[in-house]
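Examination of the molecular architecture
Single-letter residue listing:
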Amino acid sequence: MKRIIGLVVVLAMALGLCGCADILQEHTIGKDSITSKATMDIEKEYYDDLLKDPSLDTTDRMMLNELKTAMPIVKKDGKDYYRYQQTQTNSFADFMEAGNMNDDEDGVESIAYVTNEVLYIKQSSTDMLSGAESLWGDINKLDLSKITFTITMTFGKDVVNTNGTINTNNKKQAIFNTDPKAVKATIFASTNKNITQTSVEQMIAKSRKMGKAKIKKITANKVKKKAKKASVTLKLKKVKGAQRYTIWYCKNKKFTGSSSDYKETKKTKVTIKGLKKNTKYYFKVYPSRKDFTGAYYDGADSKIKSIKTKKYKKSKKK
C-alpha cells in the first residue's frame, strides 16, 4: 500500500507539482488478497513546459522524457493529462503489515486492517501521500492545494457501512475524497452490517491493550576474578496482556550510539551479560504482544533506570 503510493509521489516530487495533479488510489478486495492501483494524472501542458525548462536537472529530464513516451494522454474537463499508473497485489497479511507502523508521524499512528468484507485505513496525510520514510522530509515541497487525492474501495458485495460515499452506480464501491492538507485521514467501508467503524477500532484497540512496563529492581552482579565482562540482573513487573519484553540498555541515557543493545525475553527476571566492568548503564523495557495483524505490537517504554556494573573486588580475609 505504501510502496505503490511512494512510486507515484517520487514522480510528483520530480515534477514539483506546480501544475495540477489528480491522484487516485483504488483498492479491489478479493477473497484473500487486495489489488491496489495508483493513478496520477498530470496536466500535459505543465509537463511539456517543464521539459523545456533550462534549470531542470539533466537526470530528471531524462527520466521525465522516458516516462512521457510510456504515458497515455487522457482528457478531463476539457484538458489533456498524462496518466501514470502502478499496480500490485498483496495478501491481506502483507497489506496490513505494510500499513501498520508504530511510528507516530504528525501524532497519527498508521493503521491498516482488511478482510474480504471490510477495509480500514488510518494514516497521517503526509504518510498517505509519501508512502516512504525517505520522502517524509521532502513532502513539504509539494503544493498540496494543487493535488486532488481520491480513494476508492471495491468489494465483492454491496457496501453497507462507510464513512465515505457509496457509489450510486455501483454499490459495491465506496469513494473517499481525501484532503491532502488534513493532519489525518481515516477511511472505512464494510459489506457486513454488523461491522462498523467503531467496532473495528475497538477490535484493534483490544488486540493491542497492555499494562504499563516497569523495572522493579536492578542489581549489579559480583564479578569473578578472571571474568572479562560484568552482568546485571533485572526484575520486571509482569505486564497484563504482554507476551514478551524487550530490554534496551546503553551507556548513553539518550540510547544513541553503537553501545545501544537489547534483549528479548518472556521472563520477568533477566540477566544481561557481556557488559563492561565498572561502567554506568541505562536500562528501559517495553512490553509486546501479537495484535490483529499477527505481528508483535510494542507498548510504551518504562521509566529509565541506571546502575554501575561491578569490577572484581578481592574479598577480605578473616
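Residues numbered from 1 in each chain as written. Predicted model: local features only at pLDDT ≥ 70, side-chain atom pairs only at ≥ 80, totals over all residues. Heavy atoms only, no water.

So, the overall build of the protein
On a plain count of helices and strands, the protein comes out with 6 helices and 20 strands. The buried share among the 318 residues of the protein stands at 44%. A fraction of 65% describes how many contacts in the protein between residues 6 or more apart in sequence connect residues 24 or more apart. With an accessible surface of roughly 18100 Å², the protein has 48% of that area assigned to carbon and sulfur atoms. (Helix = DSSP H or I, 4+ residues; strand = E, 2+ residues; numbered from the N terminus. Buried < 20%, exposed > 50% of the residue type's maximum accessible area, 1.4 Å probe, protein only. Contact = heavy atoms within 4.5 Å. Areas by Shrake-Rupley, 256 points an atom, 1.4 Å probe, with all protein chains shown as cover.)

Focus: the sheet that holds strand S14 (residues 230-236)
With respect to topology, 3 strands assemble into an open sheet ordered S13-S14-S17, the strand pairing being antiparallel. Looking at the sheet topology across the chains shown, the edges are occupied by strand S13 (215-220) and strand S17 (269-275). Ignoring strand direction, the axes of neighbouring strands in this sheet form an average angle of 20 degrees. Pairing between S13 and S14: 5 bridges, direction antiparallel. Each residue of the ladder has a partner; that of Thr 219, found in S14, is Thr 233. (Pairing = 2+ DSSP bridges. Axes fitted to C-alpha atoms, helices over the stretch in contact; angles between N-to-C directions.)

Comments concerning the packing of helix H2 (residues 44-52) against helix H3 (residues 58-70)
Where H2 meets H3, the closest approach of the two axes is 10 Å, and the angle between their N-to-C directions is 145 degrees. Relative to H3, the crossing made by H2 is left-handed. Counted together, Tyr 47, Asp 48, Leu 50, Leu 51 and Lys 52 of H2 and Arg 61, Leu 64, Asn 65, Leu 67 and Lys 68 of H3 form the full contact between these two elements. When grouped by side-chain class, the residues that make up the contact of H2 with H3 number 5 nonpolar, 1 polar and 4 charged. (Left-handed = near helix turned anticlockwise from the far one by under 90°. Nonpolar A, V, L, I, M, F, W, Y, C, P; charged D, E, K, R; others polar.)

Remember that the coordinates give geometry; whether it matters functionally is a separate question.
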